[in-house]
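Single-letter residue listing:
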Amino acid sequence: MVSTRYADVHMSALRITRVKTICTAPEGIRLVVVKVETSEPGLYGLGCATFTQRPLAVVTAVEQYLEPFLIGRDPDQIEDIYQAAYVSSYWRSGPVLNNALSGVDQALWDIKGKRAGMPVYQLLGGKVRQAAPLYAHASGRDFAEVEERARAYIEQGYRYVRCQVAVPGQSTYGSPASRAAAGNQPPHLRQDQEPWEPGPYCRLVPRLFEHMRSRLGEDIELLHDVHERIPPIMAVQLARDLEPYHLFFLEDALAPEDNDYFHMLRSQSSIPIAMGELFVNQAEYVPLIRDRLIDFIRVHISDIGGLSMARKLAAFCEFFGVRTAWHGPGDVSPVGHAANLQLDLACYNFGIQEQHAFNERAREVFPGTPEIRDGMLWSNDKPGLGIDIDESLAAKYPFPEHPYNGAWPEIRRRDGTVIRP
């Protein structure tokens, strides 16, 4: 009788014995980490499954659905496990299911690296660079404050800086809020958000970059994130207005729902375009890459299912001249940053890595968190992902209280219309 499970025939003695989630928030940001334990004492792997706006849904997907599906399987069979788990829900994709898959997938790569006695980047072909250059976030209430923060990063060795400035009286993405945050909540989680209008923003941003270029010169690479907040035709005009300031890239100028406008944007401007942070299905990237409509992929790796899918996507991009720029804010856990770094070091078509400088509490919870030096992210070269978790310490930082449990409150235009965050 032929088995219906490939792993039944081609399985080593090693087995998956447990799959669990660890929820922690050492910086007040809801993080979800998956731990896959094996039949070999002390051998386990960690993976990032952080969907910070819906973390408990991911926990349910992992513990109620994936764990029963995975118990007894061979952790060496990373690809087979991914493909089997991916179709096990019948309706596929989406940030909840993909983050659950990612936590397992990254953990299996971590186990594989530990068994091989090698960092994961060695299993992907080895290093093609010594470290991953980072871009830092310089934001401010006005041009002078943005410049001051950019100069502070430059003094630390950064050569890439994302610049965001507040629009007075508006809920501006990536800049300090004019209203104080309630309690210990970050400003973007306040329920009383200021309104937002695209016109003043689109007129202000070119002036910001005129200021930054005139003060910082041409040697520093400047970036900006629109965060999909403006109508497509205004995005086309903004890209044209920013051309004289030679940005390294303009991010999320369009929403995923407006992808057809990339043809117009490309024909109207030569500004480098980064896109993809909000995509949750790997197939969504294909038309933009194939038609050479973007220059950088912005991927929250856990949102597309983990390392296995991200490495395939990076290889696909290489043949079309598209570079990687993995998503790396504070709502990617230190485990996720360690996974990003494995690809950064091994992918020839690396472009840039987003920076988040984890605080001391986070680094204590996650020993082995990659180090930042001279504006670059450095691997510790330990086997697997090179990172661990102190579960007892993680338990001391539970998810903070919030009316929506971390979901973003709505932001509205002055007439009351809800806009994208």
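The structure reproduced in this document is the subject of the present report. Source: prediction; values computed, not measured.

## Observations concerning the overall build of the chain
1) Next: The secondary structure content of the chain amounts to 14 helices and 15 strands.
2) Next: Relative to its length of 421 residues, the chain is compact, with a C-alpha radius of gyration of 21 Å against a globular reference of 22 Å.
3) Next: For the chain, the C-alpha atoms occupy an extent of roughly 70 × 50 × 40 Å along the three principal directions.
4) Next: Burial analysis of the chain (421 residues in total) assigns 56% to the buried set.
5) Next: In the chain, the share of contacts with a sequence separation of at least 24, taken over all contacts with a separation of at least 6, comes to 72%.
6) Next: A total of about 17,500 Å² of accessible surface is found on the chain, and carbon and sulfur atoms cover 51% of it.

## Brief notes about the side chain of Asn349
1) Next: With respect to the helices, strands and loops of the structure, Asn349 is situated in the loop between helix H12 (334–346) and strand S11 (353–354).
2) Next: Within polar-contact distance, the side chain of Asn349 engages the backbone oxygen of Val322 at 3.0 Å.
3) Next: Residue contacts for Asn349: discarding those within four places in its chain leaves Ala314, Cys317, Glu318, Val322, Arg323 and Thr324.

## Concerning the pattern of salt bridges
1) Next: Scanning the model with the defined rule gives 27 salt bridges in all.
2) Next: A salt bridge links Glu79 to Lys312, with the shortest nitrogen-to-oxygen separation between them at 2.6 Å. Residue Glu79 is located in helix H3 (residues 78–88), and its partner Lys312 is located in helix H11 (residues 307–318); the two are separated by 233 residues in the primary sequence.
3) Next: A residue is classified by how much of its surface remains accessible, and Glu79, at 31% relative accessible area, is partly exposed.
4) Next: A salt bridge links Glu228 to Arg420, with the nearest nitrogen and oxygen atoms 3.9 Å apart. You can see Glu228 sitting in the loop between strand S6 (221–225) and helix H8 (232–242) and its partner Arg420 sitting in the segment after strand S15 (418–419), a full 192 residues away along the chain.
5) Next: Connected through shared salt-bridge partners, Lys20, Lys35, Glu37 and Glu391 make up one network.

Definitions and limits used
- Residues numbered from 1 in each chain as written.
- Predicted model: local features only at pLDDT ≥ 70, side-chain atom pairs only at ≥ 80, totals over all residues.
- Heavy atoms only, no water.
- Helix = DSSP H or I, 4+ residues; strand = E, 2+ residues; numbered from the N terminus.
- Rg over C-alpha atoms; globule rule 2.2 N^0.38 Å.
- Buried < 20%, exposed > 50% of the residue type's maximum accessible area, 1.4 Å probe, protein only.
- Contact = heavy atoms within 4.5 Å.
- Areas by Shrake-Rupley, 256 points an atom, 1.4 Å probe, with all protein chains shown as cover.
- Polar contact = N/O pair within 3.5 Å; in protein donor to acceptor, adjacent residues only side chain to side chain.
- Salt bridge = Lys/Arg side-chain N within 4 Å of Asp/Glu carboxyl O.

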